[in-house]
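Inside the fold
The primary structure of each chain is shown beneath.
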Amino acid sequence: MALTGIQIFKLLPKTNCKECGVPTCLAFAMNLASGKAELDSCPYVSDEAREQLAEASAPPIRPVAVGKGVRKATTGGETVMYRHEKTFFNPTLLAATVNSDIADGDLDTKLLGWNALQYERVGLNLRPELVALKDVNGDKDAFAKAAKKIAETSEFNLILMTDKEDVMKAGVAAAGFKRPLMYSATAANVDAFGAIAKDNDLPIAVKADTVGDLIPLTEKLTALGIKDIVLDSGSRDVKQAFEDQVAIRRAALKDSNRSLGFPTITFPCEMASNTDVETLLAGMFIAKYGGVVVMSDFRTESVFPLLLEKLNIFTDPQRPMTVTEGIYEINNPDENSPILVTTNFALTYFIVFGEIEGSRVPCYLLIKDAEGLSVLTAWAAGKFGGDDVGSFVKKCGIMDKVKHQNIVIPGYAAAIAGDVEEELPGWNIIVGPREAAHIPAFLKAQK
Ligand code: SF4
């Protein structure tokens, strides 16, 4: 059971040293109780108190990892109802189904096609994460063979879908090394499936007919020591399934109900008659609050917008997306190539980078850390001043790469030209265009 703020306060050192970033131990305790602080922020908690506080400081919805290695994907771990309260942490995982009686060649073709669905956006690789292998005839050998092929030949993580113990055992024996999600333990098989999950240290989904009926199942599994659990409330009716998602999130966050403090799995593929509706439902579950969304297929026209929706919803609204400060080489520049400088706001970087790349003019683009602000905002906030830009140019190493002393500053930061010049004596400060779209013409005119 989660502790209240006062109970947590009693276990803290009560020195009000402020090192955790808040003025008092009581304020820290309250933040910890509501999931707004991390226990590690207080360096003075005793080991004994730490043990007692571990449960209270754990996210109210447990993070559950599926898969292993670089493609390990985590769902859950959320601490708020609404993204604007803090942020959502672990993007919904997208899965597509494969039937266990699929022909070998067809499975190869599917995996190849799905693997190609990768998109680069703001420096991130967006791609779907899971294949849900569905037992359609109880043939454990066919199930194991398909599971093995998906696990060994693709980068996708797996959901093993069957209600039969022997089929699940065969699937786990073939693909357990990749830490698949077992789907699903029900009232009828929870003991047998729980034992398989425990013996193989695998995450397991539980399925019931209502949200309330999930509770005895999760309690049974947690009593066995299984912590990585995913919830399926069973409804395939859109309104009820939506309400179930909200009810589970509220129970975990507002009522501190640990029996429902797990991510969910949803099945648009079993709720829609065509892929268009399925995509809409998937979008709904990404927004509220599906941990895993299972679709019948991955198609470009549905996967791409869903990946972008995930990107938008699961980024921290309080922190702008940034790129790393440094020198970026575009179109193979040499010692005579122009140098441009701008801020590390990701959108600014990608637009400027794209325009320079499209111009085919070899350039160096210097990205100066301005706390993720765009040029005008950074300048107004004092994060992109002439002396800062000048000293950054001196220390970033660009002087070792070029023979000239010309630098292009953004048009919106024309006011800093004098200060940059003062910081970089002998350099020629050129004011570039205000709009990125004018960069190609500007660069060609400079030649
Ligand atoms: Fe109290 Fe620890 Fe915060 Fe110091 S760091 S104020 S001891 S909670």
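Since we're looking at a predicted model, the values are computed, not measured.

Below, the discussion takes up the overall build of the protein. Scanning the protein from terminus to terminus reveals 16 helices and 17 strands. Seen through its principal axes, the protein has C-alpha atoms that stretch 80 × 65 × 35 Å. Taken across its 447 residues, the protein has 49% of its residues classed as buried. Taking the intrachain contacts of the protein between residues at least 6 apart in sequence as the baseline, contacts between residues at least 24 apart amount to 66%. In the form shown here, the protein has an accessible surface area of approximately 20,500 Å², with 51% of it arising from carbon and sulfur atoms. Taken together, the 47 basic and 58 acidic charged side chains of the protein have centroids lying 1 Å from each other.

We describe a pair of aromatic rings using the distance from one ring centre to the other and the angle between the two ring planes. Inspection of every chain in the model, using the stated rule, returns ten aromatic pairs. Measuring from centroid to centroid gives 6.4 Å for phenylalanine 88 and tyrosine 289, while their planes differ by 80 degrees, and the two rings are edge-to-face. With phenylalanine 88 in the loop between β2 (73–75) and β3 (93–99) and tyrosine 289 in the loop between α10 (275–287) and β12 (292–295), the pair connects residues that are 201 residues apart, well separated along the chain. Judged by its relative accessible area of 7%, tyrosine 289 falls in the buried class. Judged by centre distance (5.2 Å) and plane angle (75 degrees), the rings of tryptophan 114 and phenylalanine 298 are edge-to-face. With tryptophan 114 in helix α4 (residues 104–115) and phenylalanine 298 in the loop between β12 and α11 (300–313), the pair connects residues that are 184 residues apart, well separated along the chain. This pair shows no difference in class: tryptophan 114 is buried, exactly as phenylalanine 298 is. One aromatic cluster is present, formed by Tyr328, Tyr349, Phe350 and Phe353 through successive ring pairs. Here the basic side chain of lysine 14 rests over the ring of phenylalanine 9, its NZ or CZ set 5.6 Å away from the ring centre. The cationic tip of arginine 249 hangs over the ring face of phenylalanine 88; the distance from NZ or CZ to the ring centre is 5.7 Å.

Oppositely charged side chains may form a pair once their charged atoms are brought near each other. Considering all chains together, one arrives at 22 salt bridges under this definition. Here aspartate 228 makes a salt bridge to arginine 179, at a shortest N to O gap of 2.8 Å. Residue aspartate 228 is found in the loop between α8 (211–223) and β10 (229–232), and its partner arginine 179 is found in the loop between α6 (165–175) and β8 (181–185); the two are separated by 49 residues along the sequence. In this pair, the class of aspartate 228 matches that of arginine 179, namely buried. In the salt-bridge network here, residues are joined through shared partners; they are Arg62, Arg179, Asp201 and Asp228.

This brings us to the environment of valine 80. Among the secondary structure elements, valine 80 is positioned in the loop between β2 and β3. Those residues in contact with valine 80 that sit more than four places away from it in its chain are Glu85, Lys86, Thr87, Phe88, Arg249 and Leu253.

What follows is about the nonpolar core. Judged by nonpolar contacts, the single largest core of 70 residues is most densely connected at Leu133, Met182 and Ile204. Element by element, the count of residues in this core is highest for helix α9 (residues 238–253), at six residues. With residues near it in sequence (within four places) discarded, leucine 133 still touches Val98, Asn99, Ser100, Phe143, Ala146, Ala147, Ile150, Leu158, Ile159, Leu160 and Met161. Core analysis: the second largest hydrophobic core is formed by 23 residues, Ala370, Phe384, Ile409 and Ile429 among them.

Before going further, it helps to examine the sheet that holds β10. One open sheet holds the eight strands; their spatial order is β10-β9-β8-β7-β6-β3-β12-β11, and the pairing between them is parallel. Taken across any chain shown, the strands that pair with only one partner, and hence form the sheet edges, are β10 and β11 (265–266). Bridge analysis of β3 against β12 gives four bridges, and the strand direction is parallel. Bridging across to β12, alanine 95 finds its partner in valine 294. Sitting on the sheet, helix α7 (residues 190–200) is in contact with β8 and β9 (204–207), with an inclination near 165 degrees to β8. Set on the sheet, α11 makes contact with β3 and β12; between it and β3 the angle comes to about 150 degrees.

Basis of the calculations
Residues numbered from 1 in each chain as written. Predicted model: local features only at pLDDT ≥ 70, side-chain atom pairs only at ≥ 80, totals over all residues. Heavy atoms only, no water. Helix = DSSP H or I, 4+ residues; strand = E, 2+ residues; numbered from the N terminus. Buried < 20%, exposed > 50% of the residue type's maximum accessible area, 1.4 Å probe, protein only. Contact = heavy atoms within 4.5 Å. Areas by Shrake-Rupley, 256 points an atom, 1.4 Å probe, with all protein chains shown as cover. Lys, Arg positive; Asp, Glu negative; His and termini not counted. Charge placed at Lys NZ, Arg CZ, Asp CG, Glu CD. Phe/Tyr/Trp six-rings, centres within 6.5 Å; stacked < 30°, edge-to-face > 60°. Lys NZ or Arg CZ within 6 Å of the ring centre and 35° of its normal. Salt bridge = Lys/Arg side-chain N within 4 Å of Asp/Glu carboxyl O. Core = buried A, V, L, I, M, F, W, Y, C linked by side-chain atoms within 4.5 Å. Pairing = 2+ DSSP bridges. Axes fitted to C-alpha atoms, helices over the stretch in contact; angles between N-to-C directions.

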